[in-house]
Amino acid sequence: MRLGLLGPAEGDLVTLRNTARFLLEERKVDRAVYLGRDRALDDVVMAWASDLVGEDPTDDALWMRAADRCTDASPEEIRSFLRAELDRRELARLEVLPGVGSRSVELLNGKVVVLIYDKAHLDEEDIVAASLLVFGKSPEVMMKQVGPRWFLSPGNQGSMILEDRDDGIHLSVFNANLQELQSQPLELGRGTRMRVQGAS
């Protein structure tokens, strides 16, 4: 599993789109989560999807697009239509946090990862359960280990990848120009593995 993390765009939709494309197409992340609290990623995805398939790139309009473009189309035109629609569907790997003050919880290599915009909204339950606390509100990249936990932020317009490997979780950090700043395994303390109640 490769989890991409997109830092807040701060109004720069071009950089956000370039970073999202980099994570999806070059780094082949399974999913990428935008850590901002604005609609920047929604706007980027809608414009990107429109570039791929035209006006109204929603799922609801798929059958209308197919009828308009494939009824009298050549085999190559139909293949081109299908390729564009498959590329549009790949954009579903780009996600946003549920809302301001809310968090998303992931599981990587048996470790709990909490994603949130502002680390000030973390509560005791988040901190006790998590091995990785990832937040968006930070102008600069942050990688800080506190006891058995890591606090991580890609910073404004930056990005990170958390990769679940056989030997643990690896972190890669990139700046707004998509240059790799750091790549390393994360040393995680014991005792923070998630247990499922009722499991034997």
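Residues numbered from 1 in each chain as written. Predicted model: local features only at pLDDT ≥ 70, side-chain atom pairs only at ≥ 80, totals over all residues. Heavy atoms only, no water.

A. A look at the nonpolar core. Counting residues in hydrophobic clusters, the biggest one holds 20 residues, and the most contacted among them are L6, L16 and L94. Among the elements of the structure, α1 (13-26), β2 (31-34) and α2 (40-53) are those that each provide at least two residues to this core. Broken down by element, the residue count for this core peaks at six residues, all from α2. Counting residues in hydrophobic clusters, the runner-up holds 19 residues, among them L5, V113, Y117 and V134. (Core = buried A, V, L, I, M, F, W, Y, C linked by side-chain atoms within 4.5 Å. Buried < 20%, exposed > 50% of the residue type's maximum accessible area, 1.4 Å probe, protein only. Helix = DSSP H or I, 4+ residues; strand = E, 2+ residues; numbered from the N terminus.)

B. Highlighting the layout of surface pockets. Size it by volume and the largest pocket reaches roughly 330 Å³. If you trace the largest pocket, you find 16 residues lining it, with V45, M46, A49, L91 and A92 closest to the centre. Every element with two or more residues in the lining of the largest pocket is listed here: α2, α4 (75-90) and β3 (94-96). If one sorts the elements of the lining of the largest pocket by residue count, α2 sits on top with five residues. Grouping the amino acids of the lining of the largest pocket by side-chain chemistry returns nine nonpolar, one polar and six charged. (1 Å grid on protein atoms, 1.4 Å probe; cavity = no way out; pocket = protein on both sides within 12 Å on 5 of 7 lines; lining within 4 Å. Points joined across faces, edges and corners; volume = space filled by probe spheres on them. Nonpolar A, V, L, I, M, F, W, Y, C, P; charged D, E, K, R; others polar.)

C. Structural detail: the packing of α2 against α4. At a minimum axis distance of 9 Å, the contact between α2 and α4 shows a crossing angle of 170°. Between α2 and α4, the interaxial angle falls into the category roughly antiparallel. When α2 is examined against α4, the residues A49, L52 and V53 are found in contact with a partner set consisting of A84, E85, D87 and R88. A class-by-class count of the residues in the contact of α2 with α4 yields four nonpolar, no polar and three charged. (Axes fitted to C-alpha atoms, helices over the stretch in contact; angles between N-to-C directions. Parallel < 35°, antiparallel > 145°, perpendicular 65-115°, else oblique. Contact = heavy atoms within 4.5 Å.)

D. The arrangement of α4 in detail. The first and last C-alpha atoms of α4 sit 23 Å apart over 16 residues, in line with the 22 Å expected at 1.5 Å per residue. Taken together, the buried positions of α4 are occupied by F81, A84, E85 and R88. The buried residues of α4 occupy an angular sector of 100° when the element is viewed end-on, so they sit on one face. Exposed positions of α4 whose direction lies more than 90 degrees from the buried face are P75, L86 and R89. (Expected span 1.5 Å × (residues − 1). Arc of directions from axis to C-beta.)

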